[in-house]
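An overview of the molecular structure
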Amino acid sequence: MATRSLRGRLTWTFAVGAAVLSTVFASLTYFGVRHIIVVSRQASDLQQAYVNAALVRSAVAQEPASLPSLLTSLDAATTSSSLVRLGSTWIEGTTVASPETIPAVFRIAGTEVIRQVVIEHNVPVLIIAVPLPAVRATYFQRRELADLNGTLNRLLGILALGTLFTSGLGAYAGRRMTRRTLAPLADTAQAARLVAEGDLAVRLPSNAPHSEVATLSAAFNEMVEQLVQRLDRDARFASDVSHELRSPLTTLAMSAEILRLHEADLHPDAREALSLLTTDVATFQSLVEDLLDMAKADAGTDTLVNEVLPLNELVTHCVLSATRRHQLPVTDLRSELTSECYVSVDRRRFERVITNLLENAYRYGEGQVSVTLLSSDGGAAVAVDDNGPGIAPAERERVFERFYRGGVASRRGNAHGTGLGLALVSEHVKRFAGRVTISESPLGGCRMVVWLPTVEEGSE
Amino acid sequence: MKWLRTPAFGLLAALLLSACTLVPTDSSPRAVNSDDVPSGLLNGAGVKQSTTVSLWFFDAQGRLVSRSVRIPAPLTISTLVARLALHVPSGLSTALSPQIAISRAVVRGSEANIFITAGFQSEDSASTITAMQQLVATLRDNYGISTLNVTDVANGRTLTIDSSAP
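Residues numbered from 1 in each chain as written. Chains lettered and ligands numbered in written order. Predicted model: local features only at pLDDT ≥ 70, side-chain atom pairs only at ≥ 80, totals over all residues.

1. Digging into the overall build of chain A
Per the secondary structure count, chain A includes 10 helices and 12 strands. Of all 460 residues assigned to chain A, the portion counted as buried reaches 31%. Taking as baseline every contact in chain A between residues at least 6 positions apart, the subset at least 24 positions apart corresponds to 62%. (Helix = DSSP H or I, 4+ residues; strand = E, 2+ residues; numbered from the N terminus. Buried ≥ 20, exposed ≤ 12 C-beta atoms within 10 Å, placed from the backbone. Contact = placed C-beta atoms within 7 Å.)

Listed below in structure tokens is the structure:
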């Protein structure tokens with residue numbers, strides 16, 4: 001059975017609760033009313049039997065010839081059936097009642113008035129026997145209670161309908177009440193979703209200061225505050241550390257460069273050590289630069305300088321610049337744009353995006369890299385393809401996380417990056433109101449696509 | 001299986017309710033407290049202990065004649081028949097056998113059904129018709145009977161006499 005939502009379960013609880021309560025009340029009502037009706041009817045029938053018995057006694061004693069007509073008139077007046085037993089003689093009022101319809105136990109002469117409700121042909125019948133010792137006779141009265149059964153059945157039907165209606169009403173009330181009660185939970189879930197997407201400014205309102213919802217809202221807001229403070233602390237720490245490392249690293253890099261100028265004079269072992277040192281210092285510098293950028297982005301201290309630029313020219317410039325500066329192989333650059341597209345971006349950060357994507361493609365690919373400009377979905381896209389091992393669909397979201405080391409790095413060659421390149425790409429593209437996605441490349445590897453909204457030329 | 005509980009309870013409640021829809025019946029007769037019975041109904045206060053009835057016999061010319069006598073209450077057909085058979089006034093006769101025995105008599109309106117176990121020869125048509133005439137004349141005066149059915153329990157034969165017929 002599928003797990004029901006909290007609202008569904010509460011609605012169900014309301015409906016079941018209403019059903020149980022209304023069933024209990026309906027049962028109590030039914031049995032109470034039935035008791036009153038049955039007792040009342042039997043009491044009135046008993047009183048009628050006493051009156052009839054007194055008339056019969058007088059007739060037997062004074063005018064026996066009038067007995068048959070008396071019983072017939074009594075039956076007509078009371079809608080019951082009367083019989084009188086005088087020794088072996090039975091006097092009947094109507095054809096409905098005959099000696100055979102009187103249970104054997106009633107025929108035994110007694111000294112007490114007795115009564116019994118029996119079922120005859122699915123109809124309840126009340127039989128009353130009144131002994132008349134003064135005339136050595138017994139008066140019997142039979143009364144069918146089918147009308148009583150009908151009344152009780154109607155009552156039961158009405159109560160059952162009432163129970164159904166009440167259950168439905170309970171479900172409806174539960175549905176409405178839970179919608180209002182659980183609305184703050186939906187708001188909390190939405191706020192948590194926004195926080196997870198990076199909107200740390202979102203807060204929950206606390207309209208009712210002393211309610212449980214206000215407690216939840218306060219706890220949520222407190223949690224977000226703590227989260228913001230921690231992120232700020234982390235960003236400041238990363239920024240400070242990166243800043244402090246940058247000066248000694250620059251000194252180290254310059255020293256290594258000076259050493260490289262005298263590389264020919266060095267011992268072969270020293271030359272190899274210098275090569276390793278130069279490479280690692282470059283990696284370290286790159287990492288520190290990335291960390292600084294990331295910290296600034298997190299702290300919101302970096303200011304975007306957006307310009308409206310032609311995408312084709314911008315990408316061409318970025319690819320050539322990155323290739324030259326980072327000594328990358330010549331990259332195949334193609335455009336499938338039908339007309340010139342303009343995008344609003346920060347030139348320095350966009351260049352960083354293209355550089356990181358190219359470095360990633362060369363680092364993890366197997367040498368063949370191409371950049372393609374595409375028209376896409378109301379905007380323009382820059383696709384960077386490689387012929388590497390690609391990225392499994394399950395990992396395509398996670399590779400944009402900071403320092404993510406999944407199976408990607410191990411499958412995609414043995415080169416080492418800083419672990420921040422794609423995270424920075426994602427951060428920057430988001431700030432350009434764009435998005436970055438990963439798919440299969442026509443070259444057989446991975447295709448990273450940066451989508452950007454296009455703008456009119458000359459717009460701000 | 002928790003989800004089955006609620007429907008099961010509902011079904012149980014419905015079954016209980018449906019089982020109780022009829023007027024409750026009694027497994028055996030219930031006696032009514034004597035104090036709740038109107039005074040005098042269960043005793044003989046104020047009631048006559050005998051009653052006067054008309055009995056019909058045959059005179060010497062074979063005609064039916066009536067005689068009034070007092071007999072103890074209650075008046076039953078068995079009492080009347082016994083009187084007709086056994087207590088014949090002098091100068092009169094009866095067509096009923098002294099051995100006549102009635103197992104049951106049922107009176108419904110102006111019709112009476114008498115079940116005779118002995119002393120009634122349903123095969124002897126002449127004497128039977130005479131006895132039937134005497135019986136119906138007596139029952140007409142005392143019970144307003146106009147139609148009499150006499151059943152010989154021994155052979156199951158029923159004879160009918162209708163005094164209201166032309």
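2. Thoughts on the pairing of strand 3 (residues 64–72) of chain B
All names here are of chain B. As judged from the 9 bridges shared by strand 2 (residues 50–58) and strand 3, these two strands associate in the antiparallel manner. Each residue of the ladder has a partner; that of Phe57, found in strand 3, is Val65. What sits between strand 2 and strand 3 in their antiparallel hairpin is a turn of 5 residues, with Gly62 showing a positive phi close to 85°. (Pairing = 2+ DSSP bridges.)

3. Focus on unusual backbone geometry
Residue and element names in this part refer to chain A. Positive phi outside glycine occurs at His121, with the angle close to 50°. Counting through the fold element by element, His121 comes out in the loop between strand 3 (114–120) and strand 4 (123–132). A positive phi angle, close to 65°, is found at Asn122, a residue other than glycine. Take Asn122: it is sitting in the loop between strand 3 and strand 4.

4. A look at the environment of Arg271 of chain A
Residue and element names in this part refer to chain A. Mapped onto the elements of the fold, Arg271 is located in helix 6 (residues 268–299). Placed 12 residues apart in sequence, Arg271 and Leu259 show a C-alpha to C-alpha distance of 9.3 Å. Apart from residues no more than four positions distant in its own chain, Arg271 is found in contact with Glu263 and Leu266.

5. Thoughts on the interface of chain A and chain B
At the junction of the two partners, chain A supplies 53 residues and chain B supplies 43 residues. Of all the secondary structure elements, the ones that give two or more residues to the side of chain A that touches chain B are helix 1 (6–62), helix 2 (67–78), strand 2 (89–92), helix 3 (104–107), strand 3, strand 4 and helix 4 (146–196) of chain A. Ranked by the residues each element gives to the side of chain A that touches chain B, the list is headed by helix 1 of chain A, at 13 residues. Broken down by class, the residue content of the side of chain A that touches chain B amounts to 35 nonpolar, 13 polar and 5 charged. Where strand 3 of chain A meets strand 1 (residues 30–31) of chain B, 2 bridges bridge the pair, whose relative direction is antiparallel. (Nonpolar A, V, L, I, M, F, W, Y, C, P; charged D, E, K, R; others polar.)

6. Remarks on the environment of Val60 of chain A
Mapped onto the elements, Val60 of chain A comes out in helix 1. Classification of Val60 of chain A by C-beta neighbours within 10 Å gives buried; the count is 28. It is 8.9 Å that separates the C-alpha atoms of Val60 of chain A and Leu86 of chain A, two residues lying 26 residues apart in sequence. In contact with Val60 of chain A, other than residues within four places in its own chain, are Leu67, Leu86, Val135 and Ala137 of chain A together with Ala73 and Pro74 of chain B.

7. Digging into the sheet that holds strand 5 (residues 111–118) of chain B
Here 10 strands make up an open sheet; going across it, the order is 1(B)-3(A)-4(A)-5(A)-1(A)-2(A)-4(B)-5(B)-6(B)-7(B) and the pairing mixed. Both outer strands of the open sheet, strand 1 and strand 7 (157–162) of chain B, are each paired with one neighbouring strand and no more. The pairing of strand 2 of chain A with strand 4 (residues 101–108) of chain B spans 4 bridges and is parallel. Bridge pairing links Trp90 of chain A to Val106 of chain B in strand 4 of chain B. Contacting strand 4, strand 5, strand 6 (147–152) and strand 7 of chain B, helix 3 (residues 125–143) of chain B runs over the sheet at an angle of about 130° to strand 6 of chain B. (Axes fitted to C-alpha atoms, helices over the stretch in contact; angles between N-to-C directions.)

8. Here's the deal with the environment of Ala235 of chain A
Residue and element names in this part refer to chain A. Topologically, Ala235 is positioned in helix 5 (residues 212–261). Note on Ala235: 19 C-beta atoms within 10 Å, which makes it partly exposed. Sequence-wise, Ala235 and Leu292 are 57 residues apart; in three dimensions their C-alpha atoms are separated by 8.9 Å. Beyond its immediate stretch of four places on either side in the chain, Ala235 contacts Ala295, Asp298 and Ala299.

9. A few points about the pairing of strand 1 (residues 81–86) of chain A
All names here are of chain A. By the criterion of burial, strand 1 is predominantly enclosed, with 6 of the 6 residues buried. Bridge count between strand 1 and strand 5 (residues 137–144): 6 bridges; the pairing is antiparallel. Residue Arg85 lies in a different strand from strand 5, and its bridge partner there is Thr138. As paired elements, strand 1 and strand 2 share 4 bridges and run antiparallel to each other. Looking at strand 2, one finds that Arg85 is bridged to Trp90. In sequence, strand 1 turns back onto strand 2 through a hairpin of 2 residues, with Gly87 there showing a positive phi of about 60°.

10. So, the confidence of the model for chain B
Any segment with low pLDDT has predicted coordinates that should not be analysed in fine detail. The pLDDT averaged across chain B works out to 81; a share of 79% of its residues lies at or above 70. Both scores are given for the predicted complex: the pTM is 0.57, the ipTM 0.77. (pLDDT = per-residue confidence, 0-100.)

11. Overview of helix 7 (residues 311–325) of chain A
Residues and elements named next belong to chain A. In this model helix 7 runs 21 Å from its N-terminal to its C-terminal C-alpha over 15 residues, within 8% of the 21 Å that 1.5 Å per residue would give. Taken together, the buried positions of helix 7 are Leu311, Leu314, Val315, Cys318, Val319 and Ala322. Down the axis of helix 7, the buried side of the element spans an arc of 130°, and every buried residue falls inside it. Those residues of helix 7 that are exposed and angled more than 90 degrees off the buried face are Glu313 and Arg324. Packed against the buried residues of helix 7 are strand 6 (306–310), strand 7 (332–335), strand 8 (342–346), helix 8 (347–364), strand 9 (369–376) and strand 10 (379–386). Positive phi appears at Gln327, one or two residues downstream of helix 7, with a value of about 50°. (Expected span 1.5 Å × (residues − 1). Arc of directions from axis to C-beta.)

12. Things to note about the nonpolar core
With 66 residues, the main nonpolar core has Val60, Val84 and Val130 of chain A together with Ala112 of chain B as its most contacted residues. In this view, Ala112 of chain B contacts Ile77, Ala105, Val107, Leu139, Tyr143, Ile145 and Leu148 of chain B; residues no more than four positions away in its chain are not counted. (Core = buried A, V, L, I, M, F, W, Y, C linked by C-beta atoms within 7 Å.)

13. A few points about helix 2 of chain A
Given a rise of 1.5 Å per residue, 12 residues ought to cover 16 Å, and the 16 Å separating the end C-alpha atoms of helix 2 of chain A matches this to within 8%. Of the positions making up helix 2 of chain A, those classed as buried are Leu67, Pro68, Leu70, Leu71, Leu74 and Asp75 of chain A. On an axial view of helix 2 of chain A, the arc spanned by its buried residues comes to 160°, and they lie on one face. Turned more than 90 degrees off the buried face of helix 2 of chain A, the exposed positions are Ala76 and Ala77 of chain A. Close packing links the buried residues of helix 2 of chain A with helix 1, strand 1 and strand 2 of chain A together with strand 4 and helix 3 of chain B. Following helix 2 of chain A by one or two positions, Thr79 of chain A adopts a phi angle in the positive range, close to 55°.

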